[in-house]
Amino acid sequence: MLCSSFRSATASLGLGRRAASTIAQKYSKAVYSAALSKSPQTLSKVQSELNAISNVIKEVPDLKAFVSNPTLSAKDRSLGLAAIYSRAEGSKKEPVSDITKNLFGVLSENGRLGETQGVIEGFNELVAKYKGELEVVVTSATPLPRDLSSRLETILKQSQTAQQAKSLKISNKVNPSVLGGIVVDFGDKSIDLSVSSRVNKLNNVLQQSV
């Protein structure tokens with residue numbers, strides 16, 4: 001049943017687009033252009049740095065709180081960014097590039113550090129497009145069984161978008177809030193077949209009928 005609904009949805013992918021922040025997109029494009037203008041190697045280095053920073057923010061509560069607080073002083077923002085760079089460098093202690101530091105410097109000055117994760121996601125999408133890669137994130141309440149995952153992969157590979165890509169990468173993200181079913185982020189589009197989505201639609205209908 002789920003695969004049948006998904007097959008129908010992939011036939012009309014243009015119907016659902018993820019609501020991405022236009023502000024985040026602007027910064028994503030700027031850092032992508034700056035890195036690529038240097039060299040493909042620089043682009044890869046910046047991507048590695050941004051992904052490391054993304055993981056650090058997710059894993060360290062204090063740093064997550066830091067980027068979410070637009071009221072900090074310039075001194076506190078500077079200290080917070082230094083802490084992020086230090087953790088992102090890891091055990092190799094390879095200095096973070098000027099391009100990455102410039103990005104976060106501008107985000108900090110403009111009070112946009114809260115857009116960090118959106119900027120990094122947008123950057124990764126641009127890099128994937130440049131490399132001819134298509135990344136698909138399937139979100140479910142519990143890990144997908146192997147047989148269902150294989151069937152979804154088969155359906156995705158048959159889609160026109162996937163056939164135009166050089167490679168297809170599928171990952172499963174677990175989020176209990178979807179309750180059941182799946183949400184598929186497919187390039188810049190989204191297919192919502194989750195139970196939570198259906199519950200929300202039902203609630204809206206009930207509220208309108210009261």
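Everything here concerns the structure above.
Here the structure is a predicted model, which means the values were calculated and not measured.

**Overview of the overall build of the chain**
Logical step 1: Across its full length, the chain carries 10 helices and 4 strands.
Logical step 2: The N-to-C order of helical and strand elements in the chain reads α-α-α-α-α-α-α-β-α-α-β-β-β-α.
Logical step 3: Taking the intrachain contacts of the chain between residues at least 6 apart in sequence as the baseline, contacts between residues at least 24 apart amount to 73%.
Logical step 4: Counting every atom, the chain has about 12500 Å² of accessible surface; 51% of that belongs to carbon and sulfur.

**Here we look at the packing of aromatic side chains**
Logical step 1: Tallied over the full model, the rule gives 1 aromatic pair.
Logical step 2: The interplanar angle of 70° and the centroid separation of 6.4 Å between the aromatic rings of Tyr32 and Phe123 together place this pair among those described as edge-to-face. Of the two residues, Tyr32 is situated in helix H2 (residues 22–38) and Phe123 in helix H7 (residues 116–131); the sequence distance between them amounts to 91 residues. Assigned by exposure class, Tyr32 and Phe123 land together as buried.
Logical step 3: The lysine or arginine in question, Lys26, covers the ring of Tyr27, its NZ or CZ lying 5.3 Å from the ring centre.

**A short note on the pairing of strand S1 (residues 133–140)**
Logical step 1: Counting buried residues in S1 gives 6 out of 8 residues, a clear majority hidden from the surface.
Logical step 2: Pairing of S1 with strand S2 (residues 167–174), which is carried by 8 bridges, proceeds in the parallel orientation. Following the sheet pairing, Val136 is matched in S2 by Ile170.
Logical step 3: Here S1 pairs with strand S3 (residues 181–186) via 5 bridges, running antiparallel. Following the sheet pairing, Val138 is matched in S3 by Val184.

Here is what the cut-offs are and how they apply
Residues numbered from 1 in each chain as written. Predicted model: local features only at pLDDT ≥ 70, side-chain atom pairs only at ≥ 80, totals over all residues. Heavy atoms only, no water. Helix = DSSP H or I, 4+ residues; strand = E, 2+ residues; numbered from the N terminus. Contact = heavy atoms within 4.5 Å. Areas by Shrake-Rupley, 256 points an atom, 1.4 Å probe, with all protein chains shown as cover. Phe/Tyr/Trp six-rings, centres within 6.5 Å; stacked < 30°, edge-to-face > 60°. Buried < 20%, exposed > 50% of the residue type's maximum accessible area, 1.4 Å probe, protein only. Lys NZ or Arg CZ within 6 Å of the ring centre and 35° of its normal. Pairing = 2+ DSSP bridges.

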